[in-house]
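Spelled out from the first residue to the last, the chains are:
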Amino acid sequence: MMVLHGYWRSTSSYRVRIALNLKGIEYDQVTHDLRTGEQAAPDYVALNPQRLVPTLDTGDVLLTQSIAIIEWLEEQYPEPRLLPEAPHDRAAVRAMSDIVACDIHPLNNVRVLNAIKNDLGANATQTSAWISHWIQSGFTAIEALIEKHGGTYAFGDMPTMADCCLVPQLYSAERFEVDVSAYPRILAATEAASRLPAFEKAHPSRQPDAD
Ligand SMILES: N[C@@H](CCC(=O)N[C@@H](CS)C(=O)NCC(=O)O)C(=O)O
């Protein structure tokens, strides 16, 4: 049985939970409470030197970085596909995923928010403006990509890695009360994906460690 080391509200862990569920893979979960810094405990650092969740213990290897984990799952368990067949389509799905994983999420991660508050002295209003800025900037680009490539979901009519990234990012935007009303295509695609059992089961509120 695979073991996912994560945290219920971690959107990177949420991405991997969705991918595992879409692939129909059973897994156990071990939680590391980010609020109390459990990601920095020596036992966990031995698994993930970056002190971030998630880590997937496949039974044979330890995998880190959610996108690398999802790509590994795709290679080991090709069906159902999370990346389309044609290389240019795969590139489009990866582009949407990377906007979330590389250009939005890292700027709003716990350690970055702590740094702008504690090291740079940002107050609550400034911190909220920072979060909104990076989410809205990324979402503006994704909205345009969905206009070009989207169908029922972010890319076409089957859920892909892009949806694995976008649904958790919208969850985060809503948690931080970011105005997402300018992104009707993102809202429609994430609503469609969220109705699928694989996404429902992965929702933070459904996890055993949820508050
Ligand atoms: N690029 C990494 C990001 C991992 C990451 O930042 N995880 C967050 C939770 S979503 C975390 O562990 N934060 C703890 C911290 O910032 O100290 C991935 O996709 O796995």
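Note that the structure is predicted; figures quoted are calculated from it, not measured.

Asks: Any chance you could break down the packing of aromatic side chains for me, citing the residues and the numbers?
Replies: Both the distance between ring centres and the angle between the ring planes are used here to describe each pair of aromatic rings. For the structure on display, the rule yields 5 aromatic pairs. Seen in terms of ring centroids, W130 and W134 are 5.7 Å apart; in terms of plane orientation they differ by 70°. Their pairing is edge-to-face. Of this pair, W130 and W134 both sit in helix α6 (residues 124-149), 4 residues apart, which is roughly one turn of that helix. Exposure remark for W134: the relative accessible area of 26% places this residue in the partly exposed category. Note that R175 overlies the ring of F176, its terminal NZ or CZ placed 4.9 Å from the centroid.

Asks: Please set out the sheet that holds strand β1 (residues 2-6) residue by residue, giving values where relevant.
Replies: Strand order across the open sheet formed by 4 strands is β2-β1-β3-β4, with mixed pairing between neighbours. Either end of the sheet is taken by a strand with one partner, and the two such strands are β2 (27-31) and β4 (62-64). Recorded for the sheet is a direction-independent mean angle of 20° between the axes of neighbouring strands. Sheet topology places strand β3 (residues 55-57) next to β4; 3 bridges connect them, and they run antiparallel. When the sheet's bridge partners are listed, D57 is paired in β4 with L62. Of the strands in this sheet, β1, β2 and β3 are in contact with helix α1 (residues 11-23), which crosses β1 at around 155°.

Asks: Go over the layout of surface pockets with me, naming the residues and quoting the values.
Replies: Taken as a whole, the largest pocket holds about 910 Å³ of empty space. Lining the largest pocket are 39 residues; nearest its centre among them are L34, H105, N108, N109 and V110. Broken down by secondary-structure element, the contributors of at least two residues to the lining of the largest pocket are α1, α3 (66-76), α5 (110-119), α6 and α7 (161-175). Broken down by element, the lining of the largest pocket gets its largest block of residues, 5 residues, from α5. No fewer than three residues from each of domain 1 (2-80) and domain 2 (87-198) sit in the lining of the largest pocket.

Asks: Now, about the environment of T160: what can you tell me, with residues and values included?
Replies: In this structure, T160 sits in the loop between α6 and α7. Given a relative accessible area of 4%, T160 falls into the buried group. Setting aside residues up to four positions removed in sequence, T160 forms contacts with L82, V93 and F155.

Asks: Tell me about the nonpolar core, and name the residues and values.
Replies: In this structure, L20, L56 and F139 are the most contacted members of the largest nonpolar core, which totals 61 residues. Ranked by the residues each element gives to this core, the list is headed by α7, at 9 residues. When residues of this core are assigned to domains, at least three fall in each of domain 1 (2-80) and domain 2 (87-198). In contact with L56, other than residues within four places in its own chain, are M2, V3, L4, L20, V61, L62, L63, I69, W72 and L73.

Each value, and the rule that gives it
- Residues numbered from 1 in each chain as written.
- Predicted model: local features only at pLDDT ≥ 70, side-chain atom pairs only at ≥ 80, totals over all residues.
- Heavy atoms only, no water.
- Phe/Tyr/Trp six-rings, centres within 6.5 Å; stacked < 30°, edge-to-face > 60°.
- Helix = DSSP H or I, 4+ residues; strand = E, 2+ residues; numbered from the N terminus.
- Buried < 20%, exposed > 50% of the residue type's maximum accessible area, 1.4 Å probe, protein only.
- Lys NZ or Arg CZ within 6 Å of the ring centre and 35° of its normal.
- Pairing = 2+ DSSP bridges.
- Axes fitted to C-alpha atoms, helices over the stretch in contact; angles between N-to-C directions.
- Contact = heavy atoms within 4.5 Å.
- 1 Å grid on protein atoms, 1.4 Å probe; cavity = no way out; pocket = protein on both sides within 12 Å on 5 of 7 lines; lining within 4 Å.
- Points joined across faces, edges and corners; volume = space filled by probe spheres on them.
- Domains from an automatic or database assignment.
- Core = buried A, V, L, I, M, F, W, Y, C linked by side-chain atoms within 4.5 Å.

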